[in-house]
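What the coordinates show
Here is how the chains run, residue by residue.
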Amino acid sequence: MRRIIRQLVIGAVAAVTLVGLAGPANAALTVRALWNMDTLPTMVDSAGSDNNGTTRNITLSGGAYNFNGTSSYATAPDKANLDPGAANVRLSVRLSFTRVPAVGQTYDILRKGLNTTAGGYYKIEIRRSSTGQAVAACRFKDANGRAGDITGTANLAGRGFVTITCTKTASGVTVNTGGGSATVAKALGSISNSAAVFIGSKGDSTDWFPGLIDFVRIEIG
């Protein structure tokens, strides 16, 4: 099944642009990076190899990256085409894990920048809900410090592979986990920074993700 999904994703990339987010302009989104997580040690960008990255302490499992939860991460250097500015952006990841984050803990899945990074940042993470479930969360923060933050409600731990999509438009932020979506209304400005992309970790030896990631995609337009 994952092979079929990956073929569909690659087919979409061949079209260069995808039908984008609902909105007044119905803007098209361009795939800026697509990491299929099936090569080591290089994390190959299948959207043209413009954003190839590197890996640390990652193994392959069934064609996906296996993150050990203590020292595994992947990273890609800063590139201007990964900064959305004021444009729409959609972040997608397909992953599988079984362990719910501990109280006060999160798993960083994808991020470009930190809360203190000049120019803003974006991220996908797994949080522990008030009921003890593992839920997806999206956060986009612009250069003026305004943030759009939304958390899903579906428990993702132990469900096998699931896809998380985080979307920012001119009017709000949406999280979709296949089991439903949630949106927060928030008008955000430009997001553009000089930070590298980190996958599976915050980049400061914290927020390690324990599980499998099958692909990560960044679309902007």
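Preceding block: the structure.
Report follows, based on the coordinates. Worth saying up front: this structure is predicted, and the values here are computed from it rather than measured. (Residues numbered from 1 in each chain as written. Predicted model: local features only at pLDDT ≥ 70, side-chain atom pairs only at ≥ 80, totals over all residues. Heavy atoms only, no water.)

**With respect to the packing of aromatic side chains**
Within the structure shown, the criterion is met by eight aromatic pairs. Plain terms: the ring middles of tyrosine 73 and tryptophan 208 are 6.3 Å apart, the flat faces sit at 35° to each other, and that makes the pair tilted. Of this pair, tyrosine 73 sits in strand E7 (residues 73–76) while tryptophan 208 sits in the loop between strand E16 (197–199) and strand E17 (210–220), and the two are 135 residues apart along the sequence. When its relative accessible area of 16% is taken as the criterion, tryptophan 208 is described as buried. Centre to centre, the rings of tyrosine 107 and phenylalanine 209 are 6.1 Å apart; their planes meet at 75°, and the pair counts as edge-to-face. Of this pair, tyrosine 107 sits in strand E9 (residues 106–112) while phenylalanine 209 sits in the loop between E16 and E17, placing them 102 residues apart in sequence. The exposure class assigned to tyrosine 107 is buried, which follows from its relative accessible area of 0%. Overall, the relative accessible area of 0% leaves phenylalanine 209 in the buried class. In textbook terms, an aromatic cluster arises when at least three aromatic residues are bridged by ring pairs, as seen for Tyr65, Phe67, Phe97, Tyr107 and Phe209. (Phe/Tyr/Trp six-rings, centres within 6.5 Å; stacked < 30°, edge-to-face > 60°. Helix = DSSP H or I, 4+ residues; strand = E, 2+ residues; numbered from the N terminus. Buried < 20%, exposed > 50% of the residue type's maximum accessible area, 1.4 Å probe, protein only.)

**Focus: the state of the cysteines**
Following the criterion strictly, the structure yields one disulfide and no others. Between cysteine 138 and cysteine 166 runs a disulfide, and the two sulfur atoms are separated by 2.0 Å. Between cysteine 138 and cysteine 166, the disulfide has an S-S torsion of -75° and is therefore left-handed. In this pair, cysteine 138 sits in strand E11 (residues 134–141) while cysteine 166 sits in strand E13 (residues 162–168), placing the two residues 28 residues apart along the sequence. Across the pair, exposure class does not vary: cysteine 138 and cysteine 166 are buried alike. (Disulfide = S-S within 2.5 Å.)

**A few points about the nonpolar core**
The biggest cluster of nonpolar side chains holds 43 residues, and the ones touching the most others in it are Trp35, Phe140, Ile164, Ile199 and Ile213. Non-local contacts of isoleucine 199, meaning those with residues more than four positions away in its chain, are made with Trp35, Met37, Met43, Phe67, Tyr73, Ala74, Ile109, Leu110, Ile213 and Val216. (Core = buried A, V, L, I, M, F, W, Y, C linked by side-chain atoms within 4.5 Å. Contact = heavy atoms within 4.5 Å.)

**Details of the pairing of strand E8 (residues 89–96)**
Among the eight residues that make up E8, eight are buried, leaving the element largely enclosed by the rest of the structure. Every second residue of E8 is oriented toward a common face, with Val89, Leu91, Val93 and Leu95 on one face and Arg90, Ser92, Arg94 and Ser96 on the other, all of them buried. Pairing of E8 with E13, which is carried by seven bridges, proceeds in the antiparallel orientation. If you follow leucine 91 over to E13, its bridge partner there is cysteine 166. (Pairing = 2+ DSSP bridges.)

**Quick look at the pattern of salt bridges**
A pair can form between side chains of opposite charge whenever their charged atoms are brought close. In the structure shown here, the tally under the stated rule is twelve salt bridges. Here lysine 123 and glutamate 125 are joined by a salt bridge, their closest N and O atoms 3.0 Å apart. With a shortest N-O distance of 2.5 Å, arginine 127 and glutamate 125 are connected by a salt bridge. Relative accessible area serves as the criterion here: at 18%, arginine 127 is assigned to the buried category. Looking at glutamate 125, the relative accessible area reads 4%, which means it is buried. Salt bridges here are not isolated pairs; linked through shared partners, they connect Lys123, Glu125, Arg127, Arg139 and Asp149. (Salt bridge = Lys/Arg side-chain N within 4 Å of Asp/Glu carboxyl O.)

**Overview of the pairing of strand E12 (residues 147–151)**
Judged by which residues are buried, E12 turns out to be one-sided: Gly148 and Ile150 face inward and are buried, whereas Ala147, Asp149 and Thr151, on the alternate face, are not. Pairing between E11 and E12: five bridges, direction antiparallel. Each bridged residue has a counterpart across the sheet, and for cysteine 138 the counterpart in E12 is isoleucine 150. Hairpin connection, E11 to E12: the antiparallel pair is bridged by five residues, and glycine 145 has positive phi, about 90°.

**Digging into the environment of threonine 151**
Checked against the element boundaries, threonine 151 lands in strand E12. Taking relative accessible area as the criterion, threonine 151 reaches 30% and is therefore assigned partly exposed. Distance from threonine 151 to cysteine 138, taken between C-alpha atoms, is 6.5 Å for residues 13 residues apart in sequence. Residues contacting threonine 151, with those up to four places away along its chain left out, are Arg127, Val135, Ala136, Ala137, Val175 and Ala182. A distance of 2.9 Å separates polar atoms of two side chains, one belonging to threonine 151 and the other to arginine 127. (Polar contact = N/O pair within 3.5 Å; in protein donor to acceptor, adjacent residues only side chain to side chain.)

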